[in-house]
Amino acid sequence: MTKTIVLGGSNSHSLARKIANKLKAKYGVLITDRFPDGELYLRLPFSVKGKKVILIESMHPNPDRILIETIFASRTCKELGAKEVVLVAPYLAYLRQDKRFHPRECWSNRIMAALVTCADKMVVVDPHIQRIKNLHEIFNMPAKKISANSVLGDYIKKNVKNPLILGPDWESFQWAEKIAEKIKVESTVLRKKRYTSRSVRIKLKGDIAIKGRNVVIIDDIISSGHTMIEVVKQAKKKKAKSITCLAVHGIFSERAYSKIKKAGATKIITTNTIENKTSKLDVSGVITKSLT
Ligand code: R5P
């Protein structure tokens, strides 16, 4: 009799199925609907009594709706006798507001963390944590941070000849520099100043030789796309041979994909933490490894 069940949340059916196959676990998806007044209706696909439930919930698109779905689903599993509920967030939303930047603002990451602490354990792929060292500082349950770096690194190794890796800002060293070290290629981390959520400026150090190089820009998230756009424009101005934009989480708000392409990107590739047309890189392997 199967002891582990993998449940796919609304944004994560295909990733959840892949994880279930790798774990040889029973797979199902949450049954959801809307009541006439817009409230969420949720039902589990089968009994979870006595089982270990792995709930896969990527929180984009519709982060607010998925947050409620995550809370309802984990609590329902617990109420209906699941032995353990492991919440896997391939993309965990609300992490970037990690302090009160202006008076009276909501400190969203702490409140989100308190709300999802109805599971027993959590696994998050490349969480955007900047001012804290690890997830235990905001989660009141064991929370493991895992990385898609090996997946991004493999892509570069197989597809980009003699790459020059650029990280758009100091925080991107966790992806850009770490990956470059691993696959033994050149990298530089740039300096970024963000003025608003839609306005950033990036400084390219004068001494980086970009002309004729295959540039790979690596970041954790592409959201409005302005970070990528700025680096792409500068790499183009300096006559890069090709410009690949690589990120773990592809949000692409406000037509970011076409804006980055228009700026001069040759390719835009992301992982399937968020499923869309760029999510060619599969993180089911790294997630499964963290669960066994
Ligand atoms: C910021 O610190 C992150 O690492 C990303 O650079 C940022 O979230 C990207 O956002 P956007 O696409 O809106 O510039």
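This structure is a prediction, so every number in the text was calculated from the model and none was measured.

## Description of the packing of helix 4 (residues 149-159) against helix 5 (residues 176-183)
At a closest axis distance of 10 Å, the pairing of helix 4 and helix 5 adopts a crossing angle of 55 degrees. One element, helix 4, and the other, helix 5, form an angle in the oblique class. Once helix 4 is placed against helix 5, the crossing between them reads as right-handed. Mapping the contact onto sequence places Asn149, Leu152, Gly153, Ile156 and Lys157 in helix 4 and Lys178, Ile179 and Ile183 in helix 5. Its residues assigned to classes, the contact of helix 4 with helix 5 comprises four nonpolar, two polar and two charged.

## Digging into a nonpolar patch on the surface
A grouping of Ile31, Phe35 and Tyr41 is seen on the molecular surface, where their side chains present a nonpolar patch of about 240 Å² in accessible area. With respect to the helices, strands and loops of the structure, Phe35 is situated in the loop between strand 3 (31-34) and strand 4 (40-43).

## Here we look at the nonpolar core
The biggest cluster of nonpolar side chains holds 40 residues, and the ones touching the most others in it are Leu7, Cys77, Leu92, Val116, Met122 and Phe139. At the level of elements, strand 1 (4-8), strand 4, strand 5 (52-56), helix 2 (63-79), strand 6 (84-89), helix 3 (108-116) and strand 7 (121-125) are the ones that each hand at least two residues to this core. By residue number, the principal contributor to this core is helix 2, which donates five residues. Val116 has contacts with Met59, Leu67, Thr70, Leu87, Met122, Phe139 and Met141, leaving out every residue within four places of it along the chain. Counting residues in each nonpolar core, the second largest holds 35 residues, with Val123, Tyr155, Trp175 and Val283 among its members.

## A few points about the side chain of His226
Inspection of the secondary structure assignment puts His226 in helix 6 (residues 226-237). Since its relative accessible area comes to 19%, His226 is described here as buried. If near-sequence neighbours (up to four positions away) are discounted, His226 is found in contact with Arg198 and Val200.

## What about the domain arrangement of the protein chain?
By the assigned domains, the protein chain splits into domain 1 (4-147 + 283-291) and domain 2 (149-272). Its C-alpha centre places domain 1 at a distance of 28 Å from the equivalent point of domain 2. On the side of domain 2, 15 residues touch domain 1, which itself brings 14 residues to the contact. Carbon and sulfur atoms supply 50% of the area that domain 1 and domain 2 bury against each other, a total of about 1,300 Å² over both sides. Together, Tyr91, Asp126 and Val283 form the three largest contributors to the area buried by domain 1 at its contact with domain 2, with a combined 34%. Where domain 1 packs against domain 2, one counts zero salt bridges. Put simply, domain 1 and domain 2 have seven residue pairs in polar contact (both at pLDDT 80 or more) between them. Broken down by class, the residue content of the side of domain 1 that touches domain 2 amounts to six nonpolar, four polar and four charged.

## Re the site of the ligand
Contacts to the ligand come from 15 residues, most closely from Asp219, Asp220, Ser224, Gly225 and Thr227. Contact distances for the ligand include 2.9 Å between an oxygen atom and a side-chain N or O atom of Glu171. Arg194 places a side-chain nitrogen or oxygen 3.0 Å from an oxygen atom of the ligand. Bound to the protein, the ligand loses 94% of the 370 Å² it would expose on its own. Those elements that provide at least two residues to the shell around the ligand are strand 11 (191-196), strand 13 (214-222) and helix 6. In terms of residues, the shell around the ligand owes the most to one element, strand 13, which gives four residues. Of the residues in the shell around the ligand, the class split is two nonpolar, six polar and seven charged.

## As for the pattern of salt bridges
One pass over the full model with this rule turns up seven salt bridges. Across the pair Lys121 and Glu84 runs a salt bridge whose closest N-O atoms are separated by 3.2 Å. Of this pair, Lys121 sits in strand 7 while Glu84 sits in strand 6; the two residues are 37 residues apart in sequence, bridging distant segments of the chain. For Lys121, a relative accessible area of 35% translates into the label partly exposed. For Asp98, the salt bridge is made with Arg131, and the minimal N-O distance between the two is 2.9 Å. Here Arg131 lies in the loop between strand 7 and strand 8 (143-146) and Asp98 lies in the loop between strand 6 and helix 3, a separation of 33 residues in the sequence. Look at Asp98 and you get buried, because its relative accessible area is 7%. You can call Arg131 partly exposed: its relative accessible area is 40%.

What counts, and at which threshold
Residues numbered from 1 in each chain as written. Predicted model: local features only at pLDDT ≥ 70, side-chain atom pairs only at ≥ 80, totals over all residues. Heavy atoms only, no water. Axes fitted to C-alpha atoms, helices over the stretch in contact; angles between N-to-C directions. Helix = DSSP H or I, 4+ residues; strand = E, 2+ residues; numbered from the N terminus. Parallel < 35°, antiparallel > 145°, perpendicular 65-115°, else oblique. Left-handed = near helix turned anticlockwise from the far one by under 90°. Contact = heavy atoms within 4.5 Å. Nonpolar A, V, L, I, M, F, W, Y, C, P; charged D, E, K, R; others polar. Patch = residues over 30% accessible without salt bridge, like charges linked within 9 Å, V, L, I, M, F, W, Y side chains within 5 Å. Areas by Shrake-Rupley, 256 points an atom, 1.4 Å probe, with all protein chains shown as cover. Salt bridge = Lys/Arg side-chain N within 4 Å of Asp/Glu carboxyl O. Core = buried A, V, L, I, M, F, W, Y, C linked by side-chain atoms within 4.5 Å. Buried < 20%, exposed > 50% of the residue type's maximum accessible area, 1.4 Å probe, protein only. Domains from an automatic or database assignment. Buried area = accessible area lost by both parts, 1.4 Å probe. Polar contact = N/O pair within 3.5 Å; in protein donor to acceptor, adjacent residues only side chain to side chain. Near = heavy atom within 4 Å.

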